[in-house]
Amino acid sequence: DGGITQSPKYLFRKEGQNVTLSCEQNLNHDAMYWYRQDPGQGLRLIYYSQIVNDFQKGDIAEGYSVSREKKESFPLTVTSAQKNPTAFYLCASSIGRDRRITGELFFGEGSRLTVL
Amino acid sequence: AQSVTQPDIHITVSEGASLELRCNYSYGATPYLFWYVQSPGQGLQLLLKYFSGDTLVQGIKGFEAEFKRSQSSFNLRKPSVHWSDAAEYFCAVGASNTGKLIFGQGTTLQVKP
């Protein structure tokens, strides 16, 4: 079955450590996204990528980094510069062939990061 | 600036009662509008979407939503709520020039037996 796989589902990190969250999709979608979810704040966009080897900052990119070396993969690194990294992270993808039209997003099941 | 507001943070309804979740948006052009549902600890699932055409759209699980341009609203409705509908619901608007979605803060639905 096609879908989006995020791993790990739960992750604990000590302060000062970088951590990388994995996101893989087999939907053949061009566009991929990372959102952060905090209680009462909805979803906020961290980074997005419309095509391989290209990505743009979202609304809260500080302290995060991404890469898009393959169409199927869009890993997110939470760096030690992120002041409040404890959150639920959601990866999503969309068809994205037409940059002028946004289609629906397909979401993974999320990764919960806790900083100890 | 583009934005989405869900005025109700938490709603409780009795099983079998009707439901309406409110969503208001601010957007400069014809918006692409979505409703998503999220069960605890899970990702989001699309309920329905509006791009153009008929302003009343039908979705999965018996949900529908009506686009009202004059009120900048896209409210979600269901005639009879089931206990399994308890979840968090997000309204979102599409920014057509970037392909990004902007989400509201979410409404948590609790269903009483």
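Please refer to the structure placed before this passage.
The text that follows walks through the structure, step by step, so that each part is easy to find. (Residues numbered from 1 in each chain as written. Chains lettered and ligands numbered in written order. Predicted model: local features only at pLDDT ≥ 70, side-chain atom pairs only at ≥ 80, totals over all residues. Heavy atoms only, no water.)

All right, on to the sheet that holds strand 8 (residues 76–78) of chain A then. Residues and elements named next belong to chain A. The strand order across the open sheet built from four strands is 1-3-8-7, with neighbouring strands paired in antiparallel fashion. Sheet topology places strand 1 (4–7) and strand 7 (64–66) at the edges, where each strand pairs with a single neighbour. The average angle at which neighbouring strand axes cross in this sheet is 20 degrees, direction not considered. As judged from the three bridges shared by strand 7 and strand 8, these two strands associate in the antiparallel manner. When the bridges of strand 8 are listed, Tyr 64 appears paired with Val 78. (Pairing = 2+ DSSP bridges. Helix = DSSP H or I, 4+ residues; strand = E, 2+ residues; numbered from the N terminus. Axes fitted to C-alpha atoms, helices over the stretch in contact; angles between N-to-C directions.)

Residues and elements named next belong to chain A. Looking at the secondary structure, you find Ser 80 in the loop between strand 8 and strand 9 (87–94). When its relative accessible area of 40% is taken as the criterion, Ser 80 is described as partly exposed. Distance from Ser 80 to Gly 63, taken between C-alpha atoms, is 7.0 Å for residues 17 residues apart in sequence. Discounting chain neighbours no more than four positions away, the residues touching Ser 80 are Arg 13, Gly 16, Gln 17 and Asn 18. (Buried < 20%, exposed > 50% of the residue type's maximum accessible area, 1.4 Å probe, protein only. Contact = heavy atoms within 4.5 Å.)

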